[in-house]
Amino acid sequence: MPHLDVRLLGPLELRVDGTPVAIPRGNTATVLAILLDEANSVVPLENIVRAVYGLDIPQDPETQVQNTIGVLRRKLDAARDRVETVGRAYRFRIDAAELDTLRCKANEDRARSLRAEGRFDEAVAALREALGEWRGPALANLSGTTIDAIRRRYDEHRLALLERRIDLDLELGRAAEVVDELRQIVAVHGTRQRFTALLMRALHTGGRTAEALEAYAALSERLADELGADPDQALRDLHTAILRDGPPSTALDAPSASDPLSRRRVPAMLPRANTRFTGRTGPTRLLDGFLEAGAGTAGLAVVTGMGGVGKTALAVSWAHRVAHRFPDGQLYFNLRGFDPLAPGTDAATVLGEALVALGVEAHQVPAGLDERIGLYRTALAGRSVLLVLDNARDAAQVRPLLPVAPGSFTLVTSRDRLAGLDVTEGADIVPLDLLSDADAWALLVRRIGMDRALAEERPVLRIIAACGHLPLALTLIGAWAAANPHFSLASLADRLESTTNVFRVLSSTDLASDPRSVFACSYQALGSRAARAFRLFGLHPGPDLTVPAMASLMGLPPADAEAALHELAEVHLVDQHREGRYTMHDLLRAYAQDRVGEEVDDEQRAAATRRLIEHYLFTARVAEEFVSERRERRELFDLGEPAPGVLLEPIKDADAATAWLDAEDAVLRGVIELEPERGDVYARVWQLRWALTESMVYRFSSRGRPGAGSAGLAATDRAGDALGRLVSGGPSGPMLLVSTESSLHEQLAGVFEEAARGHSPGAKALVSYTLTVGAGVEECDAEALGYARQGYQYFVEHGNPFWANRLQYAIGWHSARLGRFDEARRCFEHVVRDAVPERRELAKANTGIGFGYVAHAEGRYSEAIGHFTEALAWYEANELEVSAAFTRENLGDSLAALGESMTARSEWAAVAAVYEAFGLDTEAARIRAKAAALPV
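Here's a quick rundown of the structure.

What counts as what
- Once a new chain begins, its residue numbering starts again from 1 and follows that chain's sequence as written.
- The predicted nature of this model means local features are confined to residues of pLDDT at least 70 and side-chain atom pairs, given and counted, to a pLDDT of 80 or more, with totals for whole chains, interfaces and linings taken over all residues.
- Hydrogens and water molecules were not included; the side-chain quantities draw on all heavy atoms of the structure.
- Pairs of strands are assigned from DSSP output, requiring at least two bridges between the strands.
- Helix and strand definitions follow DSSP, with helices as H or I runs of at least four residues and strands as E runs of at least two, each counted in order from the N terminus.
- The contact criterion used throughout is that any non-hydrogen atoms of two residues lie within 4.5 Å.
- For every element, the axis is a line fit to its C-alpha atoms; helices are fit only across the contacting stretch, and the angle between N-to-C directions ranges from 0 to 180 degrees.
- A pairing counts as a salt bridge when a side-chain nitrogen of Lys or Arg comes within 4 Å of a carboxyl oxygen of Asp or Glu.
- Any residue under 20% of the maximum accessible area for its type is buried, any over 50% is exposed, and the rest in between are partly exposed; the area is computed with a 1.4 Å probe on protein chains only.
- A helix is expected to span 1.5 Å for every residue after the first.
- Note: the arc covers the axis-to-C-beta directions of the helix.
- Buried residues of nine kinds, namely Ala, Val, Leu, Ile, Met, Phe, Trp, Tyr and Cys, make up a nonpolar core once their side-chain atoms join them within 4.5 Å.
- Under this scheme an angle from 65 to 115 degrees is roughly perpendicular, one under 35 degrees roughly parallel, and one over 145 degrees roughly antiparallel; angles in between are oblique.
- By definition, any crossing whose near helix is turned counterclockwise from its far helix by less than a right angle is left-handed, and any crossing with a clockwise turn is right-handed.
- Residues adjacent in sequence count toward polar contacts only when both atoms are side-chain atoms; beyond that, a polar contact is any pair of N or O atoms within 3.5 Å, and within protein one must be able to donate a hydrogen and the other to accept it.

What about the sheet that holds strand β4 (residues 43–44)?
Part 1 of the reasoning: Read from one edge to the other, the open sheet built from three strands follows the order β4-β6-β5, with strand pairing classed as antiparallel. Taken across any chain shown, the strands that pair with only one partner, and hence form the sheet edges, are β4 and β5 (83–85).
Part 2 of the reasoning: Against the sheet, helix α3 (residues 61–76) makes contact with β5 and β6 (89–92), and its axis sits at roughly 140° relative to β5, the strand it touches most.

Right, here's the structure in full:
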């Protein structure tokens, strides 16, 4: 294996078998420094991204880091294998003798052991060897925020080692030998009190007491001028001892000076609580309960939730409520795990601040992380302290900071679920959700006042809905409304509801409270795969999606899509609100749409949109075949094959198909209302509309139908697809099958002649069928009959018996409506005879309504009731609610004709209830009016 010689303690240098290697400045050198700083440890890819780029994250940063790793390996040449890939992380493998920081650490550890054995001379020699590794400031030839942080840490470590070495020299009686060295050090580090203390001890021990007192006076003046501070207690005690001409304190004979825990402080570090904090009764009670249950242990609770949901406000408010129960103090640290203004805080820094807050003098804080952890736990032992760790990035950032002795309680907040703390540390989890209606109302009232809220009650509710019940958004809107009391809340609600970019309304000059910045911190911490999933979620039109839908959007295998969604869920960017179904908050979705607009080019967006539509199109075709019980039939148009990367839902039978259609109802409505710019993509939209015709007719799940418009025809013109233009009929030609909108019918009438002049029986047939339904909705039976006869011939010519059979029924129905009863009966008989076996029972039920209608029209009411009753039984057994309701309506007509008014009213009441449940308010009103007009 090639031998390495790598040096960080000075200018960065790297040699392979004695030959210098030129590492390119910039990202390559920075990545090398990061890996060597954690030599032989695994460094996650996302940590490298964050360290290299900070908040200025470029597009696809992980790929850029991977490319940089490639450059580094090429430079290492024969030693390229030293940079190991470990999953989604990297590790630089190196022996202790090959890296100066590891050699330094080894000598430091050896010095500690030698001193514990009383071998002070050898301990000093080991420390000199450790210090000898420095050739100047660490990484002196590199720059950047991360490099500066590493440099400061190493240089601070050097000063701590120097203090320890000089302290040992003084204990060995070498005062005269270190005075000049200390004067030089103090000249450079004039406010570092520990060096002045060592100088004072050296001078006093050598009989130069006046100079020792002058050193103290000079330090006091420097501290006052530069920091506005006084010397610390240890230095004041040393000064007093020298004034009394007593022996100077040393680490060997003065425990008060050497024991870092000889003094105790009671920290009170909680930040100011928000005076407008509102609600959160449930989570507060949970925290109270966890505190009680944790009595006698080192309690631990985690508040987790999406950015802007109010985790910090809850934690600080609750901490103030219970502070009196912790007489030894309250510690608070912002770990900046997801912070728009600063990188995350490392554990060593937090431990250093905590130790000082607990009474350890700054110069007595150990340099090493392990030593700080040990001293920190010792300091907390026997104390009752409340610790709040706010805005943690992950469990690894938190673990070194957790107290272990009974009596303390730790409260952590994070966007990450911190499942690791639950599993390994027994943490109690408090998931923080969006505000309830009542709490959201109360939050706004605290901002704008009760009188104003009551005066514009409805706009307040609209504002709450537009803000998605998110505390951060409501706080920003409330602050704006409070600052502009003369503005109407209704106009503010209008603006929120109508804007195409809600962040223009919710913007803030304070990055810490601007929603985009808050969301950006979560987004930038994602891996590249999860970040791509987040962006593409912005293209999805429905309320939620499944793993196969996300896999289709991304064009990746389902395992990758599921892993991406899991990562998003872990940091609360999506929520798995039902098993296998993921949803995203409206404001997060708006941010995702911003990201996809800025970071994904038109071609990639179009390809992802097409894959998404085809996921639903081809799955819908499978579902429709199961629901319709017709596995083999000739399609009206050839769908071709789905694009590569499209994954269908695993539908294996009719029950699964029905469940999928039910679950995806709102999603499918959103998809069929898409209006993609690219014609080939839009063609898939209208194909999906027609693929759903069967369920639209028979399941009648048609609440919230899209209205008419011209966008559909314009888009199919772009597609250059005559069939698509003819059958799309505006936003949704198939919606005519269940629609009462006459404008849709009128829109298709204008293209019928063009269809008739064409050579596609499929196009002519579809238009004829749609016009048949449209004319029927308007009760234009003669016109509908003509269209039905044309459509029947077209379907026969096309060779599609399924749709021909449907038009045969339409001919019979409209013939009956026109009083042509013999023709109607013949048509209904042919419908049953020609139906495929698996559809025959449905055909009997449908024609049962037709035969019943004819019998009723001919005055044979009892026979009509028999037909309607048989049809009703089949519809109800198969849960076809609207078809059953329509049958009940006709049954009520026959009952009323026989004078059974009470029974007829009962049937009609049930009919009206079903119509209302399915959004058919006009039909429901017609039925209720008919019932009211019936004589008592």
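Anyway, onward from the coordinates.
Brief notes about the pattern of salt bridges
Oppositely charged side chains are able to pair whenever their charged atoms sit close together.
Part 1 of the reasoning: All told, the structure shown has 59 salt bridges when counted by the stated rule.
Part 2 of the reasoning: One salt bridge connects Glu858 with Arg860, and the closest N-O pair in it is separated by 2.2 Å.
Part 3 of the reasoning: Given a relative accessible area of 34%, Glu858 falls into the partly exposed group.
Part 4 of the reasoning: If you follow the salt bridges from partner to partner, you end up with Lys105, Glu108, Asp109, Arg112, Arg164 and Glu371 in one network.

Focus: helix α12 (residues 281–293)
Part 1 of the reasoning: Between its first and last C-alpha, α12 extends 18 Å over 13 residues, near the 18 Å set by a 1.5 Å rise per residue.
Part 2 of the reasoning: Looking at α12, one finds that the buried residues are Pro283, Thr284, Leu287, Phe290 and Leu291. Considered in projection along α12, the buried side chains sweep an arc of 125° and stay on one side of the axis. Away from its buried face by more than 90 degrees, α12 exposes Arg285 and Ala293.
Part 3 of the reasoning: Taken together, the buried residues of α12 touch β7 (299–304), α13 (311–322), β10 (409–414) and β11 (428–431).

Let's talk about the nonpolar core
Part 1 of the reasoning: Of all hydrophobic cores here, the largest spans 113 residues; its most connected members are Ile463, Leu526, Phe534, Leu545, Met550, Leu568 and Tyr616.
Part 2 of the reasoning: No other element matches the nine residues that helix α28 (residues 602–628) contributes to this core.
Part 3 of the reasoning: Once residues lying within four places of it in the same chain are set aside, the contact partners of Tyr616 are His540, Leu545, Ala549, Trp660, Glu664, Val667, Leu668, Val671 and Leu688.

Things to note about the packing of helix α9 (residues 209–227) against helix α10 (residues 233–243)
Part 1 of the reasoning: Two elements in contact, α9 and α10, have axes whose closest approach is 10 Å; the angle formed by their N-to-C orientations is 150°. As summarised for this structure, α9 and α10 are arranged roughly antiparallel, according to the angle between their axes. α10 is crossed by α9, and the crossing has left-handed handedness. Residues Thr209, Ala212, Leu213, Tyr216 and Leu219 of α9 pack against Leu235, Arg236, His239, Ile242 and Leu243 of α10.

Some points on helix α29 (residues 654–663)
Part 1 of the reasoning: By the burial criterion, the buried members of α29 are Ala657, Trp660 and Leu661. One side of α29 holds all its buried residues, which, seen down the axis, span an arc of 95°.
Part 2 of the reasoning: Between a side-chain oxygen at the N-terminus of α29 and the backbone nitrogen of Asp655 the separation is 3.2 Å; the capping residue is Asp653.

Some details on the sheet that holds strand β3 (residues 19–20)
Part 1 of the reasoning: Across the sheet, three strands lie side by side as β1-β2-β3; this open sheet has antiparallel pairing. The two strands at the open ends of the sheet, each matched to only one other strand, are β1 (4–7) and β3.
Part 2 of the reasoning: Here strand β2 (residues 13–16) runs beside β3; their pairing, made up of two bridges, is antiparallel. Paired with Val16 across the bridge in β3 is Thr19.

Quick look at the side chain of Thr546
Part 1 of the reasoning: Looking at the element boundaries, Thr546 is found in strand β12 (residues 544–546).
Part 2 of the reasoning: What makes Thr546 buried here is its relative accessible area of 7%.
Part 3 of the reasoning: Reaching out from Thr546, the side chain makes a polar contact with the side chain of Glu649 at a distance of 2.5 Å.
Part 4 of the reasoning: Other than its neighbours up to four places away in sequence, Thr546 contacts Leu565, Gly580, Arg581, His615, Glu649 and Glu664.

Side note on unusual backbone geometry
Part 1 of the reasoning: Phi at Asn391 takes a positive value of approximately 60°, unusual for a residue other than glycine.
Part 2 of the reasoning: Mapped onto the elements of the fold, Asn391 is located in strand β9 (residues 386–392).
Part 3 of the reasoning: Asn391 sits in the buried class, given a relative accessible area of 14%.
Part 4 of the reasoning: At Leu418, a position not held by glycine, the phi torsion is positive, near 50°.
Part 5 of the reasoning: With respect to the helices and strands, Leu418 occurs in the loop between β10 and α17 (419–425).
Part 6 of the reasoning: Residue Leu418 is classed as buried on the basis of its relative accessible area, which comes to 1%.

Everything listed is a geometric property; what it means functionally is a separate question.
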